[in-house]
Amino acid sequence: MTPENITESSIQPGAPAVFMVSAAPPDTMPLFWSVPGPVGEVRPRVSPGDEVEAGDTLATGRDSMSMMELERSRMALAIAQARFDVSPGDTSLAVILAEESARCAALDSASRLVLTAPVAGLVVSVPRPVPGGPVVLILTGIDSLVALTPPPGAGMLRWPESAGPLRLVEIGDGCAIYSGLPTDSLFAFPGSFSVPRQALRTSGLESYLVLEDGDSLAIEVLCTTGSTLTVTGALPADSRIRVWAGP
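Residues numbered from 1 in each chain as written. Predicted model: local features only at pLDDT ≥ 70, side-chain atom pairs only at ≥ 80, totals over all residues. Heavy atoms only, no water.

**Considering the pairing of strand E2 (residues 19–23)**
Relative to strand E15 (residues 186–187), E2 runs antiparallel, the two sharing 2 bridges. The partner of Phe19 across the bridge, within E15, is Phe187. (Pairing = 2+ DSSP bridges. Helix = DSSP H or I, 4+ residues; strand = E, 2+ residues; numbered from the N terminus.)

Next up, the structure:
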């Protein structure tokens, strides 16, 4: 039941924040492994002077933390194999052996890392592997990157990893660099729309809206502009959104 001092209404979603699009200048981009622990067995797959496209493999490696778990699993597998060799007819030992073998295979797969190029460019350098250091440096071309700048007064909370033809490369000072070439000088993120702050509901770390029919809609908040939020979500056509307001 809604308290007497709280009023409820329903509204149509508003227009989303519109971002300025500009060409990003060429820049040397250092690329790192995105794993929490150290990386071993690093093998570069490119050399200085190579031209690469987005998605090309630059280097392969192994997650050292996963490798430690894999070594323990291999020891358990060796013990299970030895016990099974002594009693090959024991079905319970056969089950344990199969489980340990499957665990080793899964850990082996999980430990393998692949570093790919987020954008097209020219490989400038392949430094000697250093823990926490860049694996490859590439020079990105001006034709492959664009900068998105939020409208005046907007506060960014999240830049989407992908947005229609664009793919996030890095977040800069007051803008974000994306790969791709939108045809217009203005850009609105696909599936985005605006709602007043009073429409936002949260549950733990999740955000959602309540539609007029009572259904909830999971959303991601992109930015704020005054008392308005620009969000993304799979909003059904012609939906209205519940808004609560109090004194």
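Once the structure has been displayed, the description carries forward.
**Structural notes on the nonpolar core**
Counting 21 residues, the largest nonpolar core has Leu58, Val136, Ile138 and Ile177 as the members making the most contacts within it. Only strand E3 (27–31), strand E6 (57–63), strand E7 (112–116), strand E9 (136–140) and strand E10 (145–149) provide two or more residues apiece to this core. With sequence-adjacent residues up to four places away left out, Ile138 is seen in contact with Asp27, Thr28, Met29, Leu31, Val119, Leu122, Val123 and Val124. In terms of nonpolar packing, the next biggest core, distinct from the first, is built from 15 residues, Ala17, Leu148, Trp159 and Tyr178 among them. (Core = buried A, V, L, I, M, F, W, Y, C linked by side-chain atoms within 4.5 Å. Buried < 20%, exposed > 50% of the residue type's maximum accessible area, 1.4 Å probe, protein only. Contact = heavy atoms within 4.5 Å.)

**Comments concerning the sheet that holds strand E8 (residues 121–125)**
Sheet strands pair via backbone hydrogen bonds, and the direction of the pair is either parallel or antiparallel. Reading across from one edge, E3-E9-E8-E5 is the order of the 4 strands in this open sheet, with antiparallel pairing throughout. Pairing within the sheet leaves two strands with one partner each, and these edge strands are E3 and strand E5 (51–52). Sheet topology note: the E3/E9 ladder contains 5 bridges and is antiparallel. Across the sheet, Asp27 pairs through a bridge with Thr140, a residue of E9.

**Notes on the packing of aromatic side chains**
Considering all chains together, one arrives at 6 aromatic pairs under this definition. For the pair Trp159 and Phe189, a centre-to-centre distance of 6.4 Å together with 70° between the ring planes defines the contact as edge-to-face. With Trp159 in the loop between strand E11 (155–156) and strand E12 (162–163) and Phe189 in the loop between E15 and strand E16 (192–196), this residue pair connects regions lying 30 residues apart in the sequence. The exposure classification of Trp159 matches that of Phe189, with both residues buried. Among the aromatic residues, ring-to-ring pairing joins Phe19, Trp159, Tyr178, Phe187 and Phe189 into one connected group. (Phe/Tyr/Trp six-rings, centres within 6.5 Å; stacked < 30°, edge-to-face > 60°.)

**Remarks on the confidence of the model for the protein chain**
Residues of the protein chain with pLDDT of at least 70 account for 94%, and the chain-wide mean is 84. Per-element averaging of pLDDT across the protein chain places helix H1 (residues 64–86) at the bottom with 76 and strand E20 (residues 228–232) at the top with 95. (pLDDT = per-residue confidence, 0-100.)

**Looking at the pattern of salt bridges**
One pass over the structure, following the stated rule, counts 3 salt bridges. Salt-bridge contacts for Glu220 lead to Arg158; the nearest nitrogen and oxygen are separated by 3.8 Å. Of this pair, Glu220 sits in strand E19 (residues 216–225) while Arg158 is found in the loop between E11 and E12, placing the two residues 62 residues apart along the sequence. The exposure class of Glu220 is partly exposed, given its relative accessible area of 39%. Across the salt bridge formed by Arg240 and Glu212, the nearest N and O atoms sit 3.9 Å from each other. One end of the pair, Arg240, is in the loop between E20 and strand E21 (241–245); the other, Glu212, is in the loop between strand E18 (206–210) and E19, with 28 residues separating them in the sequence. Using a relative accessible area of 29% as the deciding quantity, one classes Arg240 as partly exposed. Of the residues examined, Glu212 reaches a relative accessible area of 41% and is grouped as partly exposed. (Salt bridge = Lys/Arg side-chain N within 4 Å of Asp/Glu carboxyl O.)

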